[in-house]
There are 4 protein chains.
Amino acid sequence: MVNQIMQILEYLSEGSTICGVGLKAGIYGGSGFVGAELVRLLAGHPEVGATSVSSRGYAGRGISEVYPHLGVGGEYVEPDEIDASGLDAAFVAYGHGESAGAVKELLDGGAGLVVDLSADFRLPEVEVYEEWYGEHPVPELLGEASYGLPEVFGAPVGRLIANPGCYPTAAILALAPVVRRLQIRSVTINALSGVSGAGAKPDVRTHFMTVNENVSAYGITNGSPRHRHTPEIEAMLRRVGEVPEVTFVPHLLPISRGELETIVVELEDPGDLPESGDVLGWYAEDYGDWKFVEAQPEPPHISHVANTNRARLSAAVDRRAGKLLLFSAVDNLLKGAAGAAVQNMNLALGLEEDLGLEHLK
Amino acid sequence: MVNQIMQILEYLSEGSTICGVGLKAGIYGGSGFVGAELVRLLAGHPEVGATSVSSRGYAGRGISEVYPHLGVGGEYVEPDEIDASGLDAAFVAYGHGESAGAVKELLDGGAGLVVDLSADFRLPEVEVYEEWYGEHPVPELLGEASYGLPEVFGAPVGRLIANPGCYPTAAILALAPVVRRLQIRSVTINALSGVSGAGAKPDVRTHFMTVNENVSAYGITNGSPRHRHTPEIEAMLRRVGEVPEVTFVPHLLPISRGELETIVVELEDPGDLPESGDVLGWYAEDYGDWKFVEAQPEPPHISHVANTNRARLSAAVDRRAGKLLLFSAVDNLLKGAAGAAVQNMNLALGLEEDLGLEHLK
Amino acid sequence: MVNQIMQILEYLSEGSTICGVGLKAGIYGGSGFVGAELVRLLAGHPEVGATSVSSRGYAGRGISEVYPHLGVGGEYVEPDEIDASGLDAAFVAYGHGESAGAVKELLDGGAGLVVDLSADFRLPEVEVYEEWYGEHPVPELLGEASYGLPEVFGAPVGRLIANPGCYPTAAILALAPVVRRLQIRSVTINALSGVSGAGAKPDVRTHFMTVNENVSAYGITNGSPRHRHTPEIEAMLRRVGEVPEVTFVPHLLPISRGELETIVVELEDPGDLPESGDVLGWYAEDYGDWKFVEAQPEPPHISHVANTNRARLSAAVDRRAGKLLLFSAVDNLLKGAAGAAVQNMNLALGLEEDLGLEHLK
Amino acid sequence: MVNQIMQILEYLSEGSTICGVGLKAGIYGGSGFVGAELVRLLAGHPEVGATSVSSRGYAGRGISEVYPHLGVGGEYVEPDEIDASGLDAAFVAYGHGESAGAVKELLDGGAGLVVDLSADFRLPEVEVYEEWYGEHPVPELLGEASYGLPEVFGAPVGRLIANPGCYPTAAILALAPVVRRLQIRSVTINALSGVSGAGAKPDVRTHFMTVNENVSAYGITNGSPRHRHTPEIEAMLRRVGEVPEVTFVPHLLPISRGELETIVVELEDPGDLPESGDVLGWYAEDYGDWKFVEAQPEPPHISHVANTNRARLSAAVDRRAGKLLLFSAVDNLLKGAAGAAVQNMNLALGLEEDLGLEHLK
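Residues numbered from 1 in each chain as written. Chains lettered and ligands numbered in written order. Predicted model: local features only at pLDDT ≥ 70, side-chain atom pairs only at ≥ 80, totals over all residues. Heavy atoms only, no water.

1. Looking at the environment of V195(B)
Summarising the element assignment, V195(B) is placed in the loop between β7 (184-193) and α9 (208-211). Residue V195(B) is classed as buried on the basis of its relative accessible area, which comes to 0%. Considering only alpha carbons, one finds V195(B) and L252(B), 57 residues apart in sequence, at a separation of 6.6 Å. Setting aside its immediate chain neighbours within four residues, V195(B) contacts T206(B), V211(B), L252(B), L253(B), I255(B), S256(B), H207(D), F208(D) and M209(D). (Helix = DSSP H or I, 4+ residues; strand = E, 2+ residues; numbered from the N terminus. Buried < 20%, exposed > 50% of the residue type's maximum accessible area, 1.4 Å probe, protein only. Contact = heavy atoms within 4.5 Å.)

2. Describing the sheet that holds strand β5 (residues 145-147) of chain C
Residue and element names in this part refer to chain C. Spatial ordering of the open sheet is given by β2-β1-β3-β4-β6-β5, a layout of 6 strands whose pairing is parallel. The sheet is open, and its two borders are formed by β2 (48-54) and β5, each paired with just one other strand. Averaged over all pairs of adjacent strands, the angle between their axes in this sheet comes to 20 degrees, without regard to strand direction. In terms of strand pairing, strand β1 (residues 23-28) meets β2 through 6 bridges, oriented parallel. Within β2, the residue paired with A25 across the bridge is T51. (Pairing = 2+ DSSP bridges. Axes fitted to C-alpha atoms, helices over the stretch in contact; angles between N-to-C directions.)

3. Comments concerning the relation of the copies chain D and chain B
Once turned by 180 degrees and shifted 0.0 Å along the axis, chain D lies on chain B with an RMSD of 0.0 Å. Look at the turn and shift together and you get a two-fold axis relating the two. (Least-squares fit on C-alpha atoms with pLDDT ≥ 70 in both.)

4. With respect to the domain arrangement of chain A
Residue and element names in this part refer to chain A. Domain assignment breaks chain A into domain 1 (2-163 + 337-360) and domain 2 (167-330). A C-alpha centroid distance of 25 Å is found between domain 1 and domain 2. Residue-level contacts link 29 residues of domain 1 with 32 residues of domain 2. Counting the surface lost from both domain 1 and domain 2, the interface buries some 2,600 Å², and carbon and sulfur atoms represent 62% of this. A per-residue breakdown of the area domain 1 buries against domain 2 is headed by W132, E151 and L360, which together make up 27% of the total. Counting the contacts that link domain 1 with domain 2 gives 4 salt bridges. (Domains from an automatic or database assignment. Buried area = accessible area lost by both parts, 1.4 Å probe. Salt bridge = Lys/Arg side-chain N within 4 Å of Asp/Glu carboxyl O.)

5. Description of the sheet that holds strand β11 (residues 246-252) of chain B
All names here are of chain B. The strand order across the open sheet formed by 7 strands is β8-β11-β7-β12-β15-β14-β13, and the pairing between neighbours is mixed. The sheet terminates laterally at β8 (216-217) and β13 (293-295), the two strands that pair on one side only. With 7 bridges connecting them, β7 and β11 associate as parallel partners. Bridge assignment links N190 to a residue of β11, and that residue is V249. Together, β7 and β11 form the strand contacts of helix α10 (residues 229-237), whose direction differs from that of β11 by roughly 135 degrees.

6. Examining the relation of the copies chain B and chain A
Rotating chain B by 180 degrees about the axis while translating it 0.0 Å along that axis superimposes it on chain A, leaving an RMSD of 0.0 Å. An overlap of 100% is found between the interface residues of chain B and their copies at the interface of chain A, pointing to a shared contact surface.

7. Quick word on the interface of chain D and chain B
Contacts between chain D and chain B engage 18 residues on the former and 18 residues on the latter. Of the roughly 1,400 Å² buried between chain D and chain B, counting both surfaces, carbon and sulfur atoms make up 73%. The largest per-residue losses of area from chain D upon contact with chain B belong to H207(D), F208(D) and M209(D), which jointly make up 47% of the total buried on that side. Remark: the boundary between chain D and chain B carries 0 salt bridges. Across the chain D-chain B interface, the total number found is 6 residue pairs in polar contact (both at pLDDT 80 or more). The dominant element in the side of chain D that touches chain B, judged by the number of residues it contributes, is helix α9 (residues 208-211) of chain D, at 3 residues. Looking at side-chain class alone, the side of chain D that touches chain B contains 10 nonpolar, 6 polar and 2 charged residues. (Polar contact = N/O pair within 3.5 Å; in protein donor to acceptor, adjacent residues only side chain to side chain. Nonpolar A, V, L, I, M, F, W, Y, C, P; charged D, E, K, R; others polar.)

8. Considering the packing of aromatic side chains
Counted by the stated rule, this structure contains 26 aromatic pairs over all chains. For the pair Y129(D) and Y133(D), a centre-to-centre distance of 4.9 Å together with 20 degrees between the ring planes defines the contact as stacked. On the criterion of helical spacing, the pair formed by Y129(D) and Y133(D) is a turn pair, its members being 4 residues apart in helix α6 (residues 126-133). Residue Y133(D) is classed as buried on the basis of its relative accessible area of 15%. Centre to centre, the rings of Y283(D) and Y287(D) are 6.2 Å apart; their planes meet at 20 degrees, and the pair counts as stacked. Placement of both Y283(D) and Y287(D) in helix α11 (residues 276-287) is noted, with a separation of 4 residues, approximately one turn of the helix. Residue Y283(D) is classed as buried on the basis of its relative accessible area of 2%. Over the face of the ring belonging to Y94(A) we find R56(A), whose NZ or CZ atom lies 4.3 Å from the ring centre. Positioned over the ring face of W132(B) is R226(B), at 3.9 Å from the centre of the ring. (Phe/Tyr/Trp six-rings, centres within 6.5 Å; stacked < 30°, edge-to-face > 60°. Lys NZ or Arg CZ within 6 Å of the ring centre and 35° of its normal.)

Take a look at the structure:
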């Protein structure tokens, strides 16, 4: 309480204009699952004064009518009803390919900060983007984006943040400290995700009867694993060290939210195999100053991170077989998307990283 | 229909005594989940005339009272109320370590066939057993057991069948054809199992509130994976080819039944990496004569095998990373336990492998 | 076993043409959930030799491709590829309104027996049908349909069977014995259903994210309960006694299959309130000769009837409040649809009611 | 934001001692599900400075070790390690019968406020308590307790608050406005609850395999419904009007948290049957000033209130059958237990009712 007052008084004394009027935020694509989480988070954010929420499909309808669990007021509007120039922070939750154009318009239109939750600005090299996603609409902006995984790459800089994919968030957090310290020969990521990761659009894959009492691997095309988060994981890990091509196999779980990755690492020199405690130590070293990432001796459960902005990590060593196992769990909609987006906004605007996210630690 | 009549007339013409009176079966430990499945399967088996079912905890209570979904009559009895000498087939569904003594008594007491569903006779070498399970009560019987995975090792012979573990069933079926044909450098098995695999005893791990909306890796002890199915997989695969130490990481799923294994194989010579279609061909070649194992191009879903005696296999190739992926799904209580036990009994007694299991194909 | 042989020899000695070639069956609308269950049941039916399965959306595709869990061969065909005149039994699993025309064509075309799984022939009075469903396409056939709830109304007669709705099956089985014996003042049915009852079409209501970790009442229109099974329950109960207008409130459960109804009955004369044991006695009396309906002192669980053709009933008495409680559970796809349809076919063709359904008792 | 600052400055200007040091809270029985929620809520409560948490079974263990999802520090202590005289608010989450003695000790020991989450002080008449629960340990305190359902009975007064049962919370909120305005002839409450309502103790009833893919009625003893929340509902409703004996039938759902009640009301004079909109109007009238109760035309979903402190109400009218339907949904652990307890503490201490609960509206 006292801290909270101090913090507020500090703002007041700085004469910050933020405090006076509150930040203006805009959410583009607010009717998907990630958009709905953003709505909730920004509605409860102490520095955000007003949030406009667009949805092409639902414009004119009450947000609470579409998502009665949100408990917020207001209506969806058409995207062009939002004045970009007045936005301190814009969040774009469109599909891949669709997003880039909207981002460019927002930047050109004067939005103070744009957090893009699509994949459009996550891959630094246009060639890699085009191999996995097709032609990039505004390749000239690729170099301006800051990849928003602050625990690995520091607070985002500039006006454009590429918010990481949910799977890459869990993978990179677990792997980066290892990649920094060891020569890796092989990486396999066995990923498990709740259904919210598959989006709000009803189809056979997301029908309750398909998902319930079931689990299956997906993302296998013509006999090869081809999930688009693979190059993102590789590209970002290569910023911290050498990494071979990664095998990434996602599976769909009969749960609403949360992801667990069990990552198997083989080293160039099996003699370098650390103790599991060593790895926990590296995590503490690299992430100790950050509020949402922590490591523990026991493998994390999805239920320990669901509905939070946490990432929980652990490690084990299979000395018989000469392999290192890493475990990483996040909530795909929060630390894997909307929570990270707000955390990134906080950092980019010079606020505490957990502002508005305190109850999600 | 005509086939069915022909089959029956064939029995009749052979003057088989089986037909005249029906087989006598006994289930020891009939109140666990596997025991309950055995009760149901044997109650519907056309060659089984009578089944006695023991339970130390529930003796004197109606089977339907304990498992109302079974829809069978009869009462649990004490184990010693069953006359072993009169049994054509005895099924022992006790815990590991407990089972071996009961098996010995049954064999000594004159039971025609004993199918042991514990791990007690699965590991051929007593040293390996003792490393993972502790002292073996009757090591002298180890050599007499026939490992009951007929699709890989042929119909069981002799009076004692070691029914395979659920995870090893899925793993060995997927791996054996590959081990036979390629030089393998590394094997990692990511296994996912429904809660029935954790047994009927209520504890925190199986409480609905722990399992629901959750997934976690288990079997990690002091920072190392130590699931006891690991040596069983290794030992049995080494009967068909060379195999390195296997990394096995099981996870608990919020579903009632079914298992999925995603297996990652690296080869000694990456140049040997086959096409996924090649692997499907090997599966067809090796399993084409068997009724419960089939391969398909798409990764199997747990829901496609749950409540059946099927194993469904698939394969994919990650050529970028130089790895072979195998997928294997079974129902842990059926093909992974009780269904396989009945299939093994059928084969050992010279019956069709799917007798009484036709509706589970 | 001996019984089975005797049964078969009996057929043979009667020179039944059924035995010689097997029944020919046709399923119209075989790609919905009920159709898929019919495919499975008829594939395993000992008297059915061949089944043609139509689907307008999936014609030309393998049945196993659409429903990999079925484990059956064959392809979907267009409806007009099936020769109606050669069918011993046709099952129509179309939507309400669509079905009636197809039924008429089948009857005119010479199908031996038509089991209609829609609501089109369930309501005997065209006025009631039109109040709840709209215009009836072939009202002249209404009088020819036999309502297929044999435990209450006896074996169906004639060539057209109206297979009951899932909710009415559970409700009428629980209520009919009470209606026969007591003067009822008020009936409220609280019904709970798994998602398969909502159909295979993906929409927001059946999206995993809507259903999971949720329950809600549905069928409330403009502030009034208006589920179409209400008049069916009333009309059929009025064949056995006097019944007031019924309040019916269905709820959607986060499970795949099964229904539970908790029915509250008030009597004209509270002094007539029976003991719960009396009601169980009435159930035994009325249903003792039938194989799929049974009563028990404990309220039935959905899990005790799921994946079976059973109906399980129970009763309790709230003497403080002067009310009788009835509990009724069925699997909506089996006893509530496809299982009952096969049972009805069996009875209409003079076969044992449980032929091909033995493993579902 | 501005409001928040104003609110804080207001406290400061009042020189409240609360602000200076923070409230001291104690939780007795902090290792059950309700206790765990209290831990989380109080940890995030801006006026609570320190919370001691006792658990007889877990004393000495970290709270995060027992409930890793809570994300809080601290250890469980023995109850007598907490100094009652220093507590501004004590929460007792013991079982029924056990609680009363602890409450007396806390009051005698000088705790400023005691919120009892058991049933021990909910029933105002000792005779009724003893009929349903057995002998009352401290009947002399019964008269001092304030029933903590402020939306119906106003802010609690005195030092002892009886926190309502979860089912009664939902029932009384839906029924009280109707009881105030209409003459009621009959009430039936069909209640559905998630598994957290059954407690943390592992047993067969809460085993995942029992609950999953299942629903059943419970609380039926010897053929009669006998759930102990029945007299609580009756007693509290009789404070606002005349009410007949209530029929209450609970069912266990395969979800973690949340409750839905579908309540059927018959009136003395069917001519008094209101429109559903009238009932919504009464709800608005009675609850408009409160923050956690709201009504809406559509029946509430459990998912709309889960993980919140909300109660959502709706109404429908079955004019054909002459009945009024009320729908009420709450989260059993929050508005049905821990959330209400904090709300009650807030009101009793003169704080805003939603302090520390803002993100749960």
